[in-house]
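The primary structure of each chain is shown beneath.
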Amino acid sequence: MPAPELPPPQSSLPEAASRFGAHLLAAAAHVLDAEDVSGGPSCAPSLPAPPVTSASALAARPLPGAPAAEAPAPSAGLERILRGPSGLGTAGLRLFPRDEPQTPSSAPAATEGTPVPGLYHHPVPEPDPVRVEEVSRRIKAWALDEVSLYPEDWEEQFDGFSVGRYMVGCHPDAPTVDHLMLATRLMVAENAVDDCYCEDHGGSPVGLGERLLLAHTALDPLYTTREYQPQWAESLHADAPRRAYRSAMEYFVRAASASQADRFRHDMARLHMGYLAEAAWAQLDHVPEVWEYLAMRQFNNFRPCPTITDTVGGYELPADLHAQAGLQKVIALAGNATTIVNDLYSYTKELDAPGHHLNLPVVIAEREGLSDRDAYLKSVEVHNDLMHDFESEAAALAEACPAPGVHRFLRGVAAWVDGNHNWHQSNTYRYSLPDFW
Ligand SMILES: CC(C)=CCC/C(C)=C(\C)COP(=O)(O)OP(=O)(O)O
Ligand SMILES: [Mg+2]
């Protein structure tokens, strides 16, 4: 991969936020020096103690051919990790729930778009424009030159998606642009599968299971006999979604550990299962109960994006810490909150789309006999409850599990949640709010 000279992470952000990555790394290293980081008594109690992670393993892992991360600066340690940065615009980087009211007027002036009124969220600093520009340039080159992702007339939509801004905003602690590209390629590939197999760019529920399964082998390879292996290998170049999955995964596997790659495969299998449930309901023209919809949406969900935060951050959360029930709950709540954000911001787009597109307001209106407006407002409350639960569970886990890798991972997930909201709010090319207020 090319390795251009890059500015330090978050170079254009306010001072406290610009030290975010280095601050966390330094804090983690400080705690590692000071105490046993095998997890603490209430951290993954049913498991044998995970191997002690060395301080050097928590330093950002450089990608092949990429510049090394900035050296961490001294810091104040664990308490400060939990409290998080306190500078202007850094509220979204904290772990503990915050009491202060979050109103649209507290959003940084540069952010375009209007937040959904009453939505509990944390405004974030504007993503570093230097990084956004570089990621945008590189992702377009990848899409066109490496995977032939889209025909010319889709270019405007590709640009309008603003994936560079999205990923830079969601990964403020990525040490380099190469690390950001891991997330960006996967995000583009995931959307190609959703658009081309499931939704508006030729997708259909009919035959979706076959398409998803064959595409999944681009992430989780087929091992078969010599006779059949070449046909499978050839199939990975047969359409844009498979080309994108194959290439994005190849880059990811090169940078990730074996268990990080396996975590990602598992999350993608979850996603594909969610797509299939949604498709089954579409084929039957069935509107599920609200809880059933929420169960489907826990799988048809952004989850595979925040759970790569450690790979993109250049460190690894050990597999047994990731697997503990408390962290699984936090990840699920975060994924659910981020996905209901999508349901709220994409509501008008989906009403205008052909067919009966399900999202939380639509399902609540139908199943609970509410007006469109009341159902939308109730969905905002569902989202807010999920966000509050995510934050209180994350704070409780951070206290119970003093491993610095866990703390940094939780901060990364929280940053992804906030960056995801910011992208939805600001993407006025793609989304617009209903006229309910
Ligand atoms: C990036 C990723 C893993 C996406 C998986 C699921 C997905 C496409 C979403 C959660 C977004 O939902 P939706 O399909 O409703 O997207 P738009 O509303 O069309 O933006
Ligand atoms: Mg949507």
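Residues numbered from 1 in each chain as written. Chains lettered and ligands numbered in written order. Predicted model: local features only at pLDDT ≥ 70, side-chain atom pairs only at ≥ 80, totals over all residues. Heavy atoms only, no water.

### Examining the coordination of the magnesium ion (ligand 2)
Reasoning step 1: Listed as protein donors to the magnesium ion (ligand 2) are Asn-342 (OD1), Ser-346 (OG) and Glu-350 (OE); their distances from the metal cover 2.0 to 2.3 Å.
Reasoning step 2: Read N to C, the donor residues that coordinate the magnesium ion (ligand 2) are spaced as N-x3-S-x3-E.
Reasoning step 3: On the basis of relative accessible area, Asn-342 is assigned to the buried category, the value being 9%.
Reasoning step 4: By relative accessible area, which is 8% here, Glu-350 ends up buried. (Donors = N, O, S within 2.8 Å, 3.2 Å for Na, K, Ca; no water. Buried < 20%, exposed > 50% of the residue type's maximum accessible area, 1.4 Å probe, protein only.)

### Observations concerning the side chain of His-171
Reasoning step 1: The topology assignment puts His-171 in the loop between α7 (163-170) and α8 (177-198).
Reasoning step 2: Since its relative accessible area comes to 1%, His-171 is described here as buried.
Reasoning step 3: Leave out the neighbours within four places in its chain, and His-171 touches Leu-180, Ala-183, Cys-305, Thr-309, Val-312 and Trp-416. (Helix = DSSP H or I, 4+ residues; strand = E, 2+ residues; numbered from the N terminus. Contact = heavy atoms within 4.5 Å.)

### Observations concerning the nonpolar core
Reasoning step 1: Core analysis: the biggest nonpolar cluster contains 105 residues, and Trp-142, Leu-149, Tyr-166 and Phe-390 have the highest contact counts within it.
Reasoning step 2: Filtering out sequence-adjacent residues up to four positions away, Leu-149 remains in contact with Ala-143, Phe-158, Val-188, Ala-192, Ala-240 and Ala-244. (Core = buried A, V, L, I, M, F, W, Y, C linked by side-chain atoms within 4.5 Å.)

### Structural notes on the site of ligand 1
Reasoning step 1: By nearness alone, 19 residues border ligand 1, and Asn-342, Lys-349, Glu-350, Arg-430 and Tyr-431 come closest of all.
Reasoning step 2: The side chain of Asp-194 places a nitrogen or oxygen atom 3.0 Å from an oxygen atom of ligand 1.
Reasoning step 3: In the model, an oxygen atom of ligand 1 is placed 2.9 Å from a nitrogen or oxygen of the Arg-430 side chain.
Reasoning step 4: Starting from 510 Å² of accessible surface for ligand 1 in isolation, the protein chains cover 97%.
Reasoning step 5: With respect to the pocket detection grid, ligand 1 is positioned in the largest pocket.
Reasoning step 6: A per-element tally of the shell around ligand 1 places α8 first, with 4 residues.
Reasoning step 7: Among the residues forming the shell around ligand 1, the class breakdown is 6 nonpolar, 6 polar and 7 charged. (Near = heavy atom within 4 Å. Polar contact = N/O pair within 3.5 Å; in protein donor to acceptor, adjacent residues only side chain to side chain. Areas by Shrake-Rupley, 256 points an atom, 1.4 Å probe, with all protein chains shown as cover. 1 Å grid on protein atoms, 1.4 Å probe; cavity = no way out; pocket = protein on both sides within 12 Å on 5 of 7 lines; lining within 4 Å. Sits in = over half its atoms within 2 Å of the grid points. Nonpolar A, V, L, I, M, F, W, Y, C, P; charged D, E, K, R; others polar.)

### Some words on the side chain of Thr-307
Reasoning step 1: Among the secondary structure elements, Thr-307 is positioned in the loop between α13 (290-299) and α14 (309-313).
Reasoning step 2: Separated by 2.7 Å, the side chains of Thr-307 and Asp-267 make a polar contact.
Reasoning step 3: Filtering out sequence-adjacent residues up to four positions away, Thr-307 remains in contact with Arg-263, Asp-267, Ile-331 and Phe-409.

### Digging into unusual backbone geometry
Reasoning step 1: At Ser-162, a position not held by glycine, the phi torsion is positive, near 55°.
Reasoning step 2: Along the chain, the position of Ser-162 falls in the loop between α6 (155-161) and α7.
Reasoning step 3: A residue is classified by how much of its surface remains accessible, and Ser-162, at 27% relative accessible area, is partly exposed.
Reasoning step 4: Even without being a glycine, Asp-285 presents a positive backbone phi close to 50°.
Reasoning step 5: Among the secondary structure elements, Asp-285 is positioned in the loop between α12 (258-284) and α13.

### A word on the pattern of salt bridges
Reasoning step 1: Tallied over the entire structure, the rule returns 18 salt bridges.
Reasoning step 2: A salt bridge links Asp-239 to Arg-242; the nearest nitrogen and oxygen atoms lie 3.2 Å apart. Residue Asp-239 shares its accessibility class with Arg-242, and that shared class is buried.
Reasoning step 3: Salt bridges linked by common partners bring Glu-134, Arg-137, Arg-138 and Asp-178 together as one network. (Salt bridge = Lys/Arg side-chain N within 4 Å of Asp/Glu carboxyl O.)

### Brief notes about the packing of aromatic side chains
Reasoning step 1: The tally for this structure, following the rule as stated, stands at 13 aromatic pairs.
Reasoning step 2: A centroid spacing of 6.0 Å and a plane angle of 40° characterise the contact between Tyr-166 and Trp-416, whose relative ring orientation is tilted. Separated by 250 residues along the polypeptide, Tyr-166 in helix α7 and Trp-416 in helix α20 (residues 404-426) bring together distant segments of the chain. Judged on exposure class, the residue Tyr-166 and its partner Trp-416 are both buried.
Reasoning step 3: With 3.9 Å between their ring centres and 5° between their planes, Tyr-166 and Trp-423 make a pair best called stacked. In this pair, Tyr-166 is assigned in helix α7 and Trp-423 in helix α20, connecting sequence segments 257 residues apart.
Reasoning step 4: Given a relative accessible area of 1%, Tyr-166 falls into the buried group.
Reasoning step 5: Residue Trp-423 is classed as buried on the basis of its relative accessible area, which comes to 2%.
Reasoning step 6: Each member of the aromatic cluster is reached from another via a ring pair, and the members are Phe-161, Tyr-166, Phe-302, Trp-416, Trp-423 and Tyr-431.
Reasoning step 7: When the ring centre of Tyr-251 is taken as reference, the NZ or CZ atom of Arg-185 above it lies at 3.5 Å. (Phe/Tyr/Trp six-rings, centres within 6.5 Å; stacked < 30°, edge-to-face > 60°. Lys NZ or Arg CZ within 6 Å of the ring centre and 35° of its normal.)

### Quick notes on the layout of surface pockets
Reasoning step 1: There is about 820 Å³ of room inside the largest pocket.
Reasoning step 2: If you trace the largest pocket, you find 38 residues lining it, with Phe-161, Asn-191, Asp-194, Asp-195 and Arg-430 closest to the centre.
Reasoning step 3: Residue assignment for the lining of the largest pocket shows that the elements contributing at least two residues are α6, α7, α8, α12, α16 (325-345) and α17 (347-352).
Reasoning step 4: Broken down by element, the residue count for the lining of the largest pocket peaks at 8 residues, all from α8.
Reasoning step 5: Here the second largest pocket is characterised by a volume of approximately 560 Å³.
Reasoning step 6: Surrounding the second largest pocket, 23 residues form its lining, Cys-198, Ala-282, Pro-354, His-356 and His-357 being those nearest its centre.
Reasoning step 7: Going through the elements one at a time, α12 and α17 are the ones with two or more residues in the lining of the second largest pocket.
Reasoning step 8: Looking at the lining of the second largest pocket, the element that brings in the most residues is α12, giving 5 residues. (Points joined across faces, edges and corners; volume = space filled by probe spheres on them.)

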